[in-house]
Amino acid sequence: MKRHDFDDLAAFVIVAEERSFTKAAARLGISSSGLSHMMRQLEERLGMRLLARTTRSVATTEAGERLLLTLQPAFAEINRGLQELGNLREKPSGTVRITAGKHAATALVMPILPEFHRTYPEIKVELIVGDRFEDIVASRFDAGIRFGERIDKDMIGLRIGPDIRAAVVGSPDYFARYPQPKTPHDLADHDCVTYYMASFGGAYAWEFEEDGRDIEVKVSGSFMVNDSDMMIEAALSGSGLVYAFEDFTEQHVASGRLIRVLEDYCKPFSGYSLYYPSRRQMPPALSVFIEALRAIPKRSGYQAA
């Protein structure tokens, strides 16, 4: 296809959208007569009438409407691509809205923010923390962070961390009153601090691996909460056993304030993924935020994949 063919097709789209040679010519910066001549040449080249002309208006014929339906998305995509290239020349700016659970927010997002804001001062990060699985499109989030296996199939998922593990811990005071559990089934005889999971509408079942099989144990106890820091405080005070992420407990285990049990049964979770709706052009602010998540080391040895 020759260059002038693209010019004629682009001009045709504008005429069809404006339904006026005068308005279309003004957008194109050419004369109405010159534009009319261009359209006649296009019709002759294609061998069919594309526009129905009257003294008052211009309308597409059936053939013209079919051509318009083909051309509009194509030219729109070209314009978006050009806009994206233009954005690369500018400093990314705007707002990035992210939803994440508390552990993901603490382990992944918070460590990168100081350097990220120094590098991209024009980007505002809105981090909404919660364990509910948000519909990020309906809730107007740019992206979310969740475990990989929990991401809907209509989302684009990008792995941003390695597998991680949970730990079952209790205080020395608690184990002075209760024997250490030897298997996950022994938890039925223990006072367990349970985590209220909003997306489940109840207590989160503790997940283990036994003889190569995944198992879930529904524990119970005298205290339920939906905050991981409060769970750790409850364990430290001797209120019961806690099932929490390994990196939330390791400093207390190292200091002897907590004792870890059932370590051989704690299976690794698939690492976190950042997910977002399928888009051909990612907003520049979101793009640089993702790169920051993948590039900057995380605390407690938690590294991006």
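The structure contained in this document is the topic of the report that follows.

Conventions and cut-offs
- Residues numbered from 1 in each chain as written.
- Predicted model: local features only at pLDDT ≥ 70, side-chain atom pairs only at ≥ 80, totals over all residues.
- Heavy atoms only, no water.
- Helix = DSSP H or I, 4+ residues; strand = E, 2+ residues; numbered from the N terminus.
- Rg over C-alpha atoms; globule rule 2.2 N^0.38 Å.
- Buried < 20%, exposed > 50% of the residue type's maximum accessible area, 1.4 Å probe, protein only.
- Contact = heavy atoms within 4.5 Å.
- Axes fitted to C-alpha atoms, helices over the stretch in contact; angles between N-to-C directions.
- Parallel < 35°, antiparallel > 145°, perpendicular 65-115°, else oblique.
- Nonpolar A, V, L, I, M, F, W, Y, C, P; charged D, E, K, R; others polar.
- Arc of directions from axis to C-beta.
- Polar contact = N/O pair within 3.5 Å; in protein donor to acceptor, adjacent residues only side chain to side chain.
- Salt bridge = Lys/Arg side-chain N within 4 Å of Asp/Glu carboxyl O.
- Phe/Tyr/Trp six-rings, centres within 6.5 Å; stacked < 30°, edge-to-face > 60°.
- Core = buried A, V, L, I, M, F, W, Y, C linked by side-chain atoms within 4.5 Å.
- Pairing = 2+ DSSP bridges.
- Left-handed = near helix turned anticlockwise from the far one by under 90°.

### Regarding the overall build of the chain
Here is step 1: When helices and strands are tallied, the chain shows 10 helices and 16 strands.
Here is step 2: Computed over C-alpha atoms, the radius of gyration of the chain comes to 30 Å, more than 25% over the 19 Å expected from 2.2 N^0.38 for 305 residues, which places it beyond the range of a compact globule.
Here is step 3: If you line up the chain on its principal axes, its C-alpha atoms span 95 × 40 × 30 Å.
Here is step 4: Every one of the 305 residues in the chain was classed for burial, and the buried ones make up 43%.

### Focus on helix α9 (residues 246-255)
Here is step 1: Where α9 is concerned, the buried positions are D247, F248, T249 and H252.
Here is step 2: On the buried face of α9, the contacting elements are α5 (102-109), β7 (164-170), α8 (228-236) and β13 (241-245).
Here is step 3: Looking one or two residues past α9, G256 carries a phi angle of roughly 90°, positive in sign.

### Looking at the packing of helix α2 (residues 21-28) against helix α3 (residues 32-46)
Here is step 1: One way to put it is that α2 packs onto α3 with a least axis distance of 9 Å and a crossing angle of 100°. By the angle class used here, α2 and α3 are roughly perpendicular. On α3, the residues that touch F21, T22, A24, A25 and L28 of α2 are S32, L35, S36 and M39.
Here is step 2: Here the residues of the contact of α2 with α3 sort into six nonpolar, three polar and no charged.

### Thoughts on α2
Here is step 1: What α2 keeps buried is the set F21, A24 and A25. Considered in projection along α2, the buried side chains sweep an arc of 100° and stay on one side of the axis. Turned more than 90 degrees away from the buried face of α2 sit T22, K23 and A26, all of them exposed.
Here is step 2: Regarding α2, its N-cap is S20, as a side-chain oxygen of that residue lies 3.3 Å from the backbone nitrogen of T22 further along.
Here is step 3: Where α2 terminates, the next one or two residues include G29, which has phi positive at roughly 75°.

### Focus: the pattern of salt bridges
Here is step 1: This structure, assessed with the given rule, holds 18 salt bridges.
Here is step 2: For E43, the salt bridge goes to R53, with nearest N and O atoms at 3.4 Å. Placement of E43 in helix α3 and of R53 in strand β1 (residues 51-53) is noted, with a sequence separation of 10 residues between them.
Here is step 3: According to the relative accessible area criterion, R53 is partly exposed, its value standing at 29%.
Here is step 4: For K267, the salt bridge goes to E207, with nearest N and O atoms at 3.9 Å. Remark: E207 occurs in strand β10 (residues 206-210) and K267 occurs in the loop between β14 (259-261) and β15 (268-269); sequence separation between them is 60 residues. Each member of the pair, K267 together with E207, is buried.

### Looking at the packing of aromatic side chains
Here is step 1: For the structure shown, the criterion picks out 10 aromatic pairs.
Here is step 2: When the ring of F116 is compared with that of Y120, the centres are 5.2 Å apart and the planes differ by 50°; the resulting orientation is tilted. A single burial state applies to F116 and to Y120, both of which are buried.
Here is step 3: Ring geometry for F116 against F289: centres 5.5 Å apart, planes inclined by 90°, an arrangement best described as edge-to-face. Taken as a pair, F116 in helix α6 (residues 113-119) and F289 in helix α10 (residues 284-295) lie far apart in primary sequence, 173 residues in all. Each member of the pair F116 and F289 is classed as buried.

### So, the nonpolar core
Here is step 1: Counting 60 residues, the largest nonpolar core has I145 and F208 as the members making the most contacts within it.
Here is step 2: Among the nonpolar cores identified, the runner-up in size contains 19 residues, and I14, F21, M38 and L71 belong to it.

### Brief notes about the sheet that holds strand β3 (residues 94-100)
Here is step 1: Here five strands make up an open sheet; going across it, the order is β4-β3-β5-β16-β6 and the pairing mixed. The sheet is open, and its two edges are formed by β4 (123-129) and β6 (155-159), each paired on a single side. Sheet twist, expressed as the mean angle between neighbouring strand axes with direction ignored, is 25°.
Here is step 2: The pairing of β3 with β4 spans seven bridges and is classified as parallel. If you follow R97 over to β4, its bridge partner there is E126.
Here is step 3: Across the sheet, α5 touches β3, β4, β5 (143-147) and β16 (272-277), and the angle it forms with β4 is around 145°.

### Examining the side chain of T194
Here is step 1: Along the chain, T194 falls in strand β8 (residues 192-197).
Here is step 2: Setting aside its immediate chain neighbours within four residues, T194 contacts A203, V219, S220, F223, M224 and V225.

### Considerations on the packing of α8 against α9
Here is step 1: Their axes nearest at 11 Å, the elements α8 and α9 cross at an angle of 25°. Put simply, α8 runs roughly parallel to α9. For the pair α8 and α9, the crossing hand works out as right-handed. Along its contact with α8, which presents S228, I232 and L236, the element α9 presents F248, T249 and H252.
Here is step 2: Residues belonging to the contact of α8 with α9 are distributed by class as follows: three nonpolar, three polar and no charged.

Everything listed here is a matter of geometry and, on its own, says nothing about what the molecule does.
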